[in-house]
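What follows is each chain in one-letter form.
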Amino acid sequence: MSPPRRVLVRGAGVAGLACAVALAEAGATVTLAEAGPTIGSGASWKAGGMLGPWCEAETAPAGLVELALPALDWWRRQVPATRSAGTLVLALSRDGGELARYARRTEGHRTLDAGQLDALEPAFEGRFGRALFYPGEAHLDPRAALPALAHRLRALGGVVLTGRPDIPDGRFDDVVDCRGHAAREVLPGLRGVRGEMLLLRAPGVGLSRPVRLLHPRTPVYVVPRDDDVFMVGATMIESEERGPPRLRSMMELMGAAYALHPGFGEAEILEFAADLRPAFGDNMPRVVRDGATLHVNGMFRHGFLLAPVLAGQVVDAVLGGGSEPPAALVPLSRMR
Ligand SMILES: Cc1cc2nc3c(=O)[nH]c(=O)nc-3n(C[C@H](O)[C@H](O)[C@H](O)COP(=O)(O)OP(=O)(O)OC[C@H]3O[C@@H](n4cnc5c(N)ncnc54)[C@H](O)[C@@H]3O)c2cc1C
């Protein structure tokens, strides 16, 4: 019997952690090296944690729903706290046309009238006349899910190193590069798309599922977490600037949250932050082969939604087992 393959995974965001766990589950000996002081030092820590393939399909290339669906079960298995409560989509009365347009552009939903909405989410009682409900969607808290994956990796015998940008490739059979935006020098066409977010504590609100509030210019979503905490996100700015969030963006996010529910008026502001979503030109991810290195990148708005699927492709590429080469595996030479 040949010895287990030794794999180095660089970057402990959602891509790196999902690949590391999937490889370790498939029998590889995995070392996960993160440059930052903790796991989740990049975009993944700022994410909303929505697992919403039907809603995301509104703006994503065709095929996203089919690609992403297996990921929902993967998360439920890895992180039992994943909540399968669906997603609500709402619009203020002046933006009612947005709701109709969104319904036409997406699948997997049903329309709720005011009574059905109030029964499903009593926090909205009497506030909205109509909503779209996507019952198959789910959500998780990235700040609980990423440590849960690191814990799982250690339990499988994997090693997690932090503060280590510099581990040499030499003693490993394979390297999986999951450095997110930091890999832009080696991945032609990779860019950063800035996203700003807020964390609020609002005991007076009591929502139990993600809510997307449509707006012609600045759609906003609110994702509930434990202890009355809500993640409010997110801007989408074609900029690679990493500095702190801007006042205009924060005003838009806060204004939308307050329009959704007046209880947000009394919320404590716990945190605001910005980071870069790594993306290719078509906003779809790639697994790119460069000799013994596989690059897993470009997950744009869909890191939590798609990382488990790409991790499966990496397992096939490193350990074999897939009947055919994974469709998304691209030689680096074809990226230039
Ligand atoms: C505000 C916001 C909200 C979002 N909401 C959602 C959502 O609800 N659902 C969803 O699916 N997606 C969401 N996303 C998108 C998601 O966060 C990204 O797609 C995902 O985080 C990309 O993951 P990654 O692991 O590729 O990159 P990152 O999370 O950036 O991880 C890369 C890691 O590599 C490390 N690194 C860098 N250089 C090195 C090196 N030399 N050696 C080792 N490590 C290195 C970094 O420190 C970092 O920890 C959101 C993004 C933002 C910004």
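Residues numbered from 1 in each chain as written. Predicted model: local features only at pLDDT ≥ 70, side-chain atom pairs only at ≥ 80, totals over all residues. Heavy atoms only, no water.

Turning to the side chain of Asp 177, a few remarks are in order. Summarising the element assignment, Asp 177 is placed in strand β9 (residues 174–177). Accessibility expressed as a relative area gives 4% for Asp 177, which makes it buried. A polar contact of 2.8 Å, which involves the side chain of Asp 177, links it to the side chain of Arg 179. Polar contacts involving the side chain of Asp 177 include one to the side chain of His 295, which spans 3.1 Å. With near-sequence residues (within four places) excluded, Asp 177 lies in contact with Arg 10, Ala 183, Val 186, Thr 293, Leu 294, His 295 and Val 296. (Helix = DSSP H or I, 4+ residues; strand = E, 2+ residues; numbered from the N terminus. Buried < 20%, exposed > 50% of the residue type's maximum accessible area, 1.4 Å probe, protein only. Polar contact = N/O pair within 3.5 Å; in protein donor to acceptor, adjacent residues only side chain to side chain. Contact = heavy atoms within 4.5 Å.)

Taken together, the neighbourhood of the ligand is formed by 34 residues, with Glu 34, Ser 44, Phe 300, Arg 301 and Phe 304 sitting nearest. Gly 11 places a main-chain nitrogen or oxygen 3.4 Å from a nitrogen atom of the ligand. In the environment of the ligand, an oxygen atom lies 3.1 Å from a nitrogen or oxygen atom belonging to the backbone of Gly 303. For the ligand, whose unbound accessible area comes to 1000 Å², protein coverage reaches 93%. Here the shell around the ligand is composed, by residue class, of 19 nonpolar, 10 polar and 5 charged. (Near = heavy atom within 4 Å. Areas by Shrake-Rupley, 256 points an atom, 1.4 Å probe, with all protein chains shown as cover. Nonpolar A, V, L, I, M, F, W, Y, C, P; charged D, E, K, R; others polar.)

What follows deals with the domain arrangement of the protein chain. We note that the domain assignment places domain 1 (6–48 + 141–188 + 281–335) and domain 2 (87–135 + 191–276) within the protein chain. The straight-line distance from the C-alpha centre of domain 1 to that of domain 2 is 30 Å. On the side of domain 2, 18 residues touch domain 1, which itself brings 14 residues to the contact. Summing both partners gives a buried area of about 1200 Å² for domain 1 against domain 2, and 49% of it is carried by carbon and sulfur. Counting the contacts that link domain 1 with domain 2 gives 3 salt bridges. Run the count over domain 1 and domain 2 and you get 5 residue pairs in polar contact (both at pLDDT 80 or more). (Domains from an automatic or database assignment. Buried area = accessible area lost by both parts, 1.4 Å probe. Salt bridge = Lys/Arg side-chain N within 4 Å of Asp/Glu carboxyl O.)

At their nearest, the axes of helix α3 (residues 64–78) and helix α8 (residues 303–319) sit 8 Å apart, and the two run at 85° to each other. Of the possible angle classes, the one that applies to α3 and α8 is roughly perpendicular. Residue-level contacts link Leu 64, Leu 67, Ala 68, Ala 71, Leu 72, Trp 74 and Trp 75 of α3 to Phe 304, Leu 305, Leu 306, Pro 308 and Val 309 of α8. Split into classes, the residues belonging to the contact of α3 with α8 amount to 12 nonpolar, no polar and no charged. (Axes fitted to C-alpha atoms, helices over the stretch in contact; angles between N-to-C directions. Parallel < 35°, antiparallel > 145°, perpendicular 65-115°, else oblique.)

Attention shifts here to the nonpolar core. Val 9, Leu 23, Trp 75, Val 176, Val 296 and Val 314 are the most contacted members of the largest nonpolar core, which totals 51 residues. Secondary-structure elements contributing two or more residues to this core are β1 (6–10), α1 (14–25), β2 (29–33), α3, α6 (142–155), β16 (293–297) and α8. Among all residues touching Val 314, those that are not within four sequence positions of it are Cys 19, Leu 23, Val 176, Val 287, Leu 294 and Val 296. Leu 92, Leu 200, Val 205 and Leu 253 belong to the second largest nonpolar core, which has 28 residues in total. (Core = buried A, V, L, I, M, F, W, Y, C linked by side-chain atoms within 4.5 Å.)

The next subject is the packing of aromatic side chains. The final tally for this structure, using the stated rule, is 5 aromatic pairs. The interplanar angle of 80° and the centroid separation of 5.2 Å between the aromatic rings of Phe 230 and Phe 264 together place this pair among those described as edge-to-face. Taken together, the positions of Phe 230 in strand β13 (residues 229–233) and Phe 264 in the loop between α7 (247–260) and β14 (268–279) put the pair 34 residues apart, joining distant regions of the chain. Each member of the pair, Phe 230 together with Phe 264, is buried. One aromatic cluster is present, formed by Trp 74, Trp 75 and Phe 304 through successive ring pairs. (Phe/Tyr/Trp six-rings, centres within 6.5 Å; stacked < 30°, edge-to-face > 60°.)

Now for the sheet that holds β13. Taken in spatial order, the 8 strands line up as β5-β6-β4-β11-β12-β13-β10-β14 in an open sheet, and their pairing is mixed. Looking at the sheet topology across the chains shown, the edges are occupied by β5 (110–113) and β14. Taking the axes of each pair of neighbouring strands and ignoring which way they run, one obtains an average angle of 25° across the sheet. Where strand β4 (residues 87–91) meets strand β11 (residues 211–214), 4 bridges bridge the pair, whose relative direction is parallel. Across the sheet, the residue bridging to Leu 88 is Val 211, located in β11. Helix α4 (residues 96–105) rests against β4, β6 (130–134) and β11 of the sheet, and its axis sits at about 30° to β6. Seen against the sheet, α7 touches β4, β10 (191–201), β11, β12 (220–224), β13 and β14 and runs at an angle of roughly 45° to β10. (Pairing = 2+ DSSP bridges.)

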